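The lines below spell out each chain.
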Amino acid sequence: MLAAGRTRGSWEGSCSPAILAEGSVAEGGRAGRAGAATKFQVDSQEMKIWPSCIGLQNCFQALSFSVKYYSKHNHLQTIYLYSQIKPKKCHILECSGNACSSTMPPGSILQWRFFSCKQEVTKVSRKRKKNPAVVTSELLYKDLLRSEQENWNEISARYKSMTKRIKQKLEGLHNKYTFNLSSPRIRFGENVYFEENGCIFLSKADDVDEANVNILFRTEDTGFSDARIQRIRISPDQRYMAASLKSENSEEATCVIMKLDPFPVMEEVIPNIFSFEWAARDVLFYTSQKNLKCQEVFMTTFANEKHTKLVYTEQDARFFVDIYCTKDRRFLTINSNSKTTSEVWLVDCSHPFKSPVLVQARTKGVIYHIEHRNDELYILTTYGEPAEYKLMKAPVASSGIENWQLFYTLEEKTKLIDLEMFSNHCIMFLQHTGHLYLNVISFVSHSVQSIKLPMWACAFELESHPEHTTSTCYFQLTSPVHPPKRFAYSFKENNLIEQAEQEVPIIKNCHTARLLAKSKDETLVPITVFHNINSKELHRKPLLVHVYGAYGIDLNMSFKEEKLMLIEEGWILAYCHVRGGGELGLNWHKDGCQHNKLKGLHDLKACIMLLHELGFSQPKYTALAAASAGGVLAGALCNTDPELIRAVVLQAPFLDVLNTMMKTHLPLTMEEQEEWGNPLADEECMKYIKSYCPYQNIKPQHYPSVFITAYENDQRIPLTGVLRYVQKLRKAARDHASRTERKGNWIPNIILDIRANGSHCDSSWEDSLNEVARHLAFLNKELYKE
């Protein structure tokens, strides 16, 4: 399976709590960092699994699944979790027992070193007086924060009644379209593992009756009542289970190890973990996460004598490390990726204590990911021409790049979304001219079968297939206004099967259109439009435009109840697939990052102008929605062409690019230089960023009304930058209003809603529902205001 990139917006898929805000805040950088190395990543984020390769949606998962369930308390979100247990501090020791320190080149394999867990003596240092400038800055921040919170408490009353009505509608739609969706199930031999309501269950594959189900883990009974289950891994002999837990206010997860035989017992708790895999029956590899970075890989054994070893360390701050097991469980891969370059090391699962072996040393500009079949490595890589993803292979014994042979290449202008390997087949999910396709490669007959998926489908989710010998591949298709529908591809029958047991209501009143807008440099930019088929006078209908355009991440096109509600109420929804995103492949991303960022802005302007020209609404009924790094283009458009839109909704937006990229102490700055550039080292880069940075270009003029949701605990988007932006924007709007007293002049509403709960990547169902309802209440009042 492929991975979604690690950027300012996405963990394991959907990161954004607000249902309105799109763009991978999945999707992996400041957008939601889903780990740079996750298996077959096809683009730089977030992701949130992310150069982390941007653009791919899921990471290859062998014996795991991202647990999702559709109860009221989780709202179609990946389940996360969190531990309040404070771990003992550990010291890395040499064999002599002395604390070790060493200087190593990037991506070094370490000699086995044992961990000694001891209680560390706390050293009390002398108190130092704080720098007066720092104290003043902290006081100003607290005053601004308190002022904004008081302002929101006063303003929110005007939206209260409408917010309540919208919440009721959304709850009704949620119950209608998700009642029949069950939790994903992972089949392991004769057993089935699944999660529901904070519990992990085990049952026999042919008997999932309530009376015959065993509870393996319950968050409430183990001190994790406020956490959600994020990921599950079962050991090869099914004697152990590892599950990560995460709270909505933290980006760090805690891994709980359960011994299952003869009955479930908690064996160990590992804090601050990102990815983990069983290499053997009692050997677990995992990456630790600190300050949004994963740069170390550890191995823990659960045999008679438990011990932990540091296996790998990454010295380059631009690289993010994660691990993955190949589908046949032959190798565990240690993946180290920046947004443009990667390197993979192999651990032989039959000999997990041997040192990892390098596949191919990192080569600037070459990304690659590894799968295995019959003593051959299958390599998804950008190596060679054209500079898009292609599938190559090489012998395990001689895996260097000089031995890579082309196995399969994509057609021109085709985007590889995801890939899954099986014993005799490889399935590729592709996108071409806005439509989804399925390509099935047979390793036996050496044939390729191409299947066009339903026209309404805009996104897919590949289900977990832990057994690579399975004869069927299951996946779900969806769109922003179509609930997920399950499909299966049978390798035996060589055909696509629509799963009839799911009675998903068919949305018949929505029309989908795919348009192309001509940008400033003549490039054609795709737009996906949804509207009610019965709507008349579309030029009078409200239009909600979505944009992201960063990290090579696609716009989030999965089902959201509020999108369907808007269609039913006559709204038009438009998704602008501008450059910088990943919709048209790696070059589409490359053509919209660093010194090409303005192209994404030109694309967005062209899309909105085309929509208006074709009779889809008009400026006074048009709103723009963006999240995380999507805030750069949305904020820039407010500065350059404010007359095109009436209102803007931003969720955890990135608005102060220049100041952020000049602060190297922030956790994401170094690795994101490949996306935005390095203004500290390049004066031209500084000038270029300054030319489009939303904060830097605010000026006294007419602005649309703006509603911003931000989070106190956001580690990706500093709240101080959002506060400064709001203050500067309000002042500019007031100054413009005071200078122009012509009839009909109005001061836009600039609203900042700071949430104490939630974080950049996830929030609870209730918080998410409230946030979306507030956004829609704001838009309704602004767009219907005369």
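Residues numbered from 1 in each chain as written. Predicted model: local features only at pLDDT ≥ 70, side-chain atom pairs only at ≥ 80, totals over all residues. Heavy atoms only, no water.

> I keep staring at the overall build of the chain and nothing clicks. Help me out?
A tally of regular secondary structure across the chain gives 11 helices and 41 strands. Burial statistics for the chain: of 786 residues in total, 62% are counted as buried. About 30800 Å² of surface is accessible on the chain, with carbon and sulfur atoms providing 50% of the total. (Helix = DSSP H or I, 4+ residues; strand = E, 2+ residues; numbered from the N terminus. Buried < 20%, exposed > 50% of the residue type's maximum accessible area, 1.4 Å probe, protein only. Areas by Shrake-Rupley, 256 points an atom, 1.4 Å probe, with all protein chains shown as cover.)

> Explain the pairing of strand β22 (residues 368-373) here, please?
Strand residues, when the strand is regular, have side chains that alternate between the two faces of the sheet. Counting buried positions along β22 gives 6 out of 6 residues, so the element sits mostly inside the fold. Burial along β22 is two-sided: the face carrying Tyr368, Ile370 and His372 and the face carrying His369, Glu371 and Arg373 are both buried. Across 6 bridges, the pairing between β22 and strand β23 (residues 376-381) is antiparallel. Across the sheet, the residue bridging to tyrosine 368 is threonine 381, located in β23. Where β22 hands over to β23, the hairpin turn is made up of 2 residues, of which asparagine 374 adopts a positive phi near 50 degrees. (Pairing = 2+ DSSP bridges.)

> I tried to follow helix α11 (residues 765-783) on my own but got confused; where do I start?
Turn by turn, an α-helix covers 3.6 residues, leaving residues three or four places apart pointing in a common direction. For α11, built from 19 residues, the straight-helix expectation of 27 Å at 1.5 Å per residue is met to within 8% by its first-to-last C-alpha distance of 27 Å. Burial analysis of α11 places 16 of its 19 residues in the buried class, the great majority of the element. (Expected span 1.5 Å × (residues − 1).)

> Explanation requested: the nonpolar core in the structure shown.
Side chains of nonpolar character tend, in soluble globular proteins, to be buried together. Counting 108 residues, the largest nonpolar core has Ile527 and Leu604 as the members making the most contacts within it. Examining the composition of this core, we find that 9 residues originate from one element, α11, more than from any other. Filtering out sequence-adjacent residues up to four positions away, isoleucine 527 remains in contact with Ala513, Arg514, Leu515, Ala517, Ala574, Tyr575, Cys576, His577, Cys607, Leu610 and Leu611. (Core = buried A, V, L, I, M, F, W, Y, C linked by side-chain atoms within 4.5 Å. Contact = heavy atoms within 4.5 Å.)

> How should I be thinking about the confidence of the model for the chain in this particular structure?
The predicted structure's coordinates, where accompanied by low pLDDT, should not be read in detail. Per-residue confidence for the chain averages 81 on the pLDDT scale, and 78% of its residues sit at or above 70. Here residues 1-105 is modelled with pLDDT under 50, and outside its nearest four sequence neighbours on either side it reaches 603 contacts, counting other chains as well. Across residues 109-127 the pLDDT falls below 50, and counting only partners more than four positions away or on other chains, this stretch makes 47 contacts in the model. (pLDDT = per-residue confidence, 0-100.)

> Explain unusual backbone geometry to me, please; I cannot follow it from the model alone.
Residues apart from glycine generally show negative phi values, whereas peptide bonds are mostly found in trans. A cis amide bond links aspartate 261 with the next residue in sequence, proline 262, at an omega value of 10 degrees. Tracing the backbone through its elements, the reader meets proline 262 in the loop between β13 (253-259) and β14 (265-280). With an omega of -5 degrees, the peptide bond between glutamate 385 and proline 386 qualifies as cis. Mapped onto the secondary structure, proline 386 falls in the loop between β23 and β24 (390-395). In this structure, glutamine 238 is a non-glycine residue whose phi angle is positive, near 65 degrees. Mapped onto the secondary structure, glutamine 238 falls in the loop between β11 (228-234) and β12 (240-246).

> Even after reading the chapter, I still don't get the pairing of strand β17 (residues 307-313), so can you show me in this structure?
Within β17, 6 of the 7 residues are buried, which leaves the element mostly enclosed by the surrounding structure. Pairing geometry for strand β16 (residues 293-301) and β17, over 6 bridges, is antiparallel. Along β17, the bridge assignment pairs methionine 299 with lysine 309. Between β16 and β17, which pair antiparallel and follow one another directly, the connecting turn spans 5 residues.

> Could you clarify how one ought to interpret the packing of helix α5 (residues 597-613) against helix α6 (residues 630-640) in this entry?
Axis angle and axis distance: for two packed helices, these are the angle between their axes and the distance between the axes, and together they describe the pair. Where α5 contacts α6, the axes come no closer than 10 Å and their chain directions differ by 70 degrees. With respect to their mutual orientation, α5 and α6 come out roughly perpendicular. When you trace α5 past α6, the crossing you get is right-handed. Across from Lys597, Gly600, Leu601, Leu604, Lys605 and Ile608 in α5, the residues of α6 making contact are Leu633, Ala636, Leu637 and Thr640. Here the residues of the contact of α5 with α6 are counted per class, giving 6 nonpolar, 2 polar and 2 charged. (Axes fitted to C-alpha atoms, helices over the stretch in contact; angles between N-to-C directions. Parallel < 35°, antiparallel > 145°, perpendicular 65-115°, else oblique. Left-handed = near helix turned anticlockwise from the far one by under 90°. Nonpolar A, V, L, I, M, F, W, Y, C, P; charged D, E, K, R; others polar.)

> Even after reading the chapter, I still don't get the sheet that holds strand β21 (residues 357-360), so can you show me in this structure?
Sheet strands associate in pairs through backbone hydrogen bonding, adopting either a parallel or an antiparallel arrangement. Taken together, the 4 strands give an open sheet; going across it, the order is β18-β19-β20-β21, and neighbouring strands pair in antiparallel fashion. Where the open sheet ends on each side, the last strands, each with one partner, are β18 (320-325) and β21. Taking the axes of each pair of neighbouring strands and ignoring which way they run, one obtains an average angle of 25 degrees across the sheet.

> Would you mind showing me how to read the pattern of salt bridges here?
Two side chains carrying opposite charge are able to pair once their charged atoms lie near each other. Scanning all chains against the criterion turns up 32 salt bridges. In this structure, lysine 518 engages glutamate 522 in a salt bridge whose closest nitrogen and oxygen atoms are separated by 3.7 Å. For the pair formed by lysine 518 and glutamate 522, the shared burial category is exposed. Its salt-bridge partner being aspartate 591, residue arginine 579 comes within 3.2 Å of it at the nearest N-O pair. With arginine 579 in the loop between β37 (572-576) and α4 (586-590) and aspartate 591 in the loop between α4 and α5, the pair connects residues that are 12 residues apart, well separated along the chain. (Salt bridge = Lys/Arg side-chain N within 4 Å of Asp/Glu carboxyl O.)

> Hey, could you run me through the environment of threonine 341 in this one?
By the secondary structure assignment, threonine 341 is in the loop between β19 (331-337) and β20 (342-348). Residues threonine 341 and isoleucine 367, spaced 26 residues apart in sequence, show a C-alpha to C-alpha distance of 4.8 Å. Those residues in contact with threonine 341, other than ones at most four positions away along the chain, are Phe319, Ser336, Arg362, Thr363, Lys364, Gly365, Val366 and Ile367. Only 3.3 Å separates the side chain of threonine 341 from the side chain of threonine 340, close enough to count as a polar contact. In this structure the side chain of threonine 341 is engaged in a polar contact, spanning 3.0 Å, whose partner is the backbone nitrogen of glycine 365. (Polar contact = N/O pair within 3.5 Å; in protein donor to acceptor, adjacent residues only side chain to side chain.)

> Is there a simple way to explain the sheet that holds strand β26 (residues 414-421) in this structure?
An order of β26-β27-β28-β29 is seen for the 4 strands of this open sheet, with the pairing classed as antiparallel. Since the sheet does not close on itself, it has two edges, and those belong to β26 and β29 (448-452), each with one partner. Going across the sheet, the axis of each strand differs from the next one's by a mean of 20 degrees, ignoring polarity.

> What am I meant to see in the side chain of threonine 478 here?
Locating threonine 478 in the fold gives a position in strand β31 (residues 472-479). Taking relative accessible area as the criterion, threonine 478 reaches 8% and is therefore assigned buried. When near neighbours in sequence (up to four residues on either side) are disregarded, threonine 478 contacts Trp456, Ala457, Cys458, Ala459, Pro483, Pro484, Met557, Ser558 and Phe559.

> Teacher, can you tell me more about the environment of leucine 377 here?
Inspection of the secondary structure assignment puts leucine 377 in strand β23. Leucine 377 sits in the buried class, given a relative accessible area of 0%. Between the alpha carbons of leucine 377 and lysine 393 there is a distance of 5.4 Å; along the sequence they are 16 residues apart. Sequence-distant contacts of leucine 377, that is, excluding residues within four places in its chain, are made with Leu346, Val359, Ile370, Glu371, His372, Met392, Lys393, Ala394, Val396 and Ser399.

> Teacher, can you tell me more about the side chain of serine 442 here?
By secondary structure assignment, the location of serine 442 is in strand β28 (residues 435-442). Reaching out from serine 442, the side chain makes a polar contact with the side chain of serine 445 at a distance of 3.0 Å. Not counting chain neighbours up to four residues away, the residues in contact with serine 442 comprise Asn424, His425 and Ser447.

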